[in-house]
Amino acid sequence: VCISSVLCLILMVYLSTVTNFREALSFTVVVMVASIPMAMEVVTTTTLALGSKELSHEGAIVTRLAAIEDMAAMSILCSDKTGTLTMNKMEIQAETPIYEVGETQFSLLRYAAMAAKWKEPPRDALDTLTLTAVDMKSLESVEQLDYMPFDPIVKRTEG
């Protein structure tokens, strides 16, 4: 550790003569992290802590630093029905990602309404959102033969 620190200090002094101090310091930190495996954990934790502080200024609550890494790896974020991540205001996006050829947002909303018992009053916020967005007239010719409420094991509902 001492030898690596001394070599990094020498490198920083040399680089500060060739380039400005800020770039020399930045490059030296990279070299130090690469040369001292223990330093990588410290730098990572410090970076995540600074990111947590920035997120708290935006109103986010970070309970674990690793959650920031998990969040950075996400492509799509799905909120729970309570609206804790959406300020209690759920919306259906104008552009819905569709992964089946021939399906549209209109057909997906019809399927969602069928899984929500569309002929009965909505039971929760998600059912209310779905049933207000779907074209109810298009469901008049549909007959519900069976209904399976949400099952947390298979993570779906069927109608």
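The structure under discussion appears in the preceding block.
So, here's what we can say about the structure. (Residues numbered from 1 in each chain as written. Predicted model: local features only at pLDDT ≥ 70, side-chain atom pairs only at ≥ 80, totals over all residues. Heavy atoms only, no water.)

A word on the overall build of the protein chain. Along the protein chain, the regular secondary structure elements total six helices and two strands. In the protein chain, the order of α-helices and β-strands from amino to carboxyl end is α-α-α-α-α-α-β-β. Burial statistics for the protein chain: of 159 residues in total, 19% are counted as buried. Long-range contacts, defined as pairs at least 24 residues apart, comprise 33% of the intrachain contacts of the protein chain with a sequence gap of at least 6. Accessible surface computed for the protein chain: about 12,500 Å², of which carbon and sulfur atoms make up 63%. (Helix = DSSP H or I, 4+ residues; strand = E, 2+ residues; numbered from the N terminus. Buried < 20%, exposed > 50% of the residue type's maximum accessible area, 1.4 Å probe, protein only. Contact = heavy atoms within 4.5 Å. Areas by Shrake-Rupley, 256 points an atom, 1.4 Å probe, with all protein chains shown as cover.)

Attention shifts here to the pattern of salt bridges. The final tally for this structure, using the stated rule, is one salt bridge. For Asp70, the salt bridge identified is with Arg64, shortest N-O distance 3.7 Å. Overall, Asp70 belongs to the partly exposed group, its relative accessible area being 43%. (Salt bridge = Lys/Arg side-chain N within 4 Å of Asp/Glu carboxyl O.)

This brings us to helix α5 (residues 105-114). Within α5 the residues assigned to the buried category are Ser107, Leu109, Ala113 and Met114. One face of α5 carries all of its buried residues, which in axial projection span an arc of 160 degrees. Buried residues belonging to α5 abut α6 (125-133). (Arc of directions from axis to C-beta.)

Moving on to helix α1 (residues 2-18). With 17 residues, α1 extends 25 Å from end C-alpha to end C-alpha; this agrees with the ideal 24 Å at 1.5 Å per step. Among all positions in α1, only Ser4, Cys8, Met12 and Leu15 are buried. Axial view of α1: buried residues confined to an arc of 75 degrees, hence all on one face. Relative to its buried face, α1 has exposed residues pointing more than 90 degrees away, namely Cys2, Ile3, Leu7, Leu9, Ile10, Tyr14 and Thr17. Packed against the buried residues of α1 are α2 (21-35). (Expected span 1.5 Å × (residues − 1).)

Moving on: a nonpolar patch on the surface. A cluster of nonpolar residues, Ile3, Val6, Leu7 and Ile10, forms a patch on the protein surface that exposes about 420 Å² of accessible area. Along the chain, the position of Ile3 falls in helix α1. (Patch = residues over 30% accessible without salt bridge, like charges linked within 9 Å, V, L, I, M, F, W, Y side chains within 5 Å.)

Attention now moves to the pairing of strand β1 (residues 148-151). Judged from the two bridges that link them, β1 and strand β2 (residues 156-158) form a sheet pairing that is antiparallel. Pairing of Met148 across the sheet is with Glu158, part of β2. Remark: four residues form the turn of the hairpin made by β1 and β2, two consecutive strands paired antiparallel; Lys155 in that turn has positive phi of roughly 60 degrees. (Pairing = 2+ DSSP bridges.)

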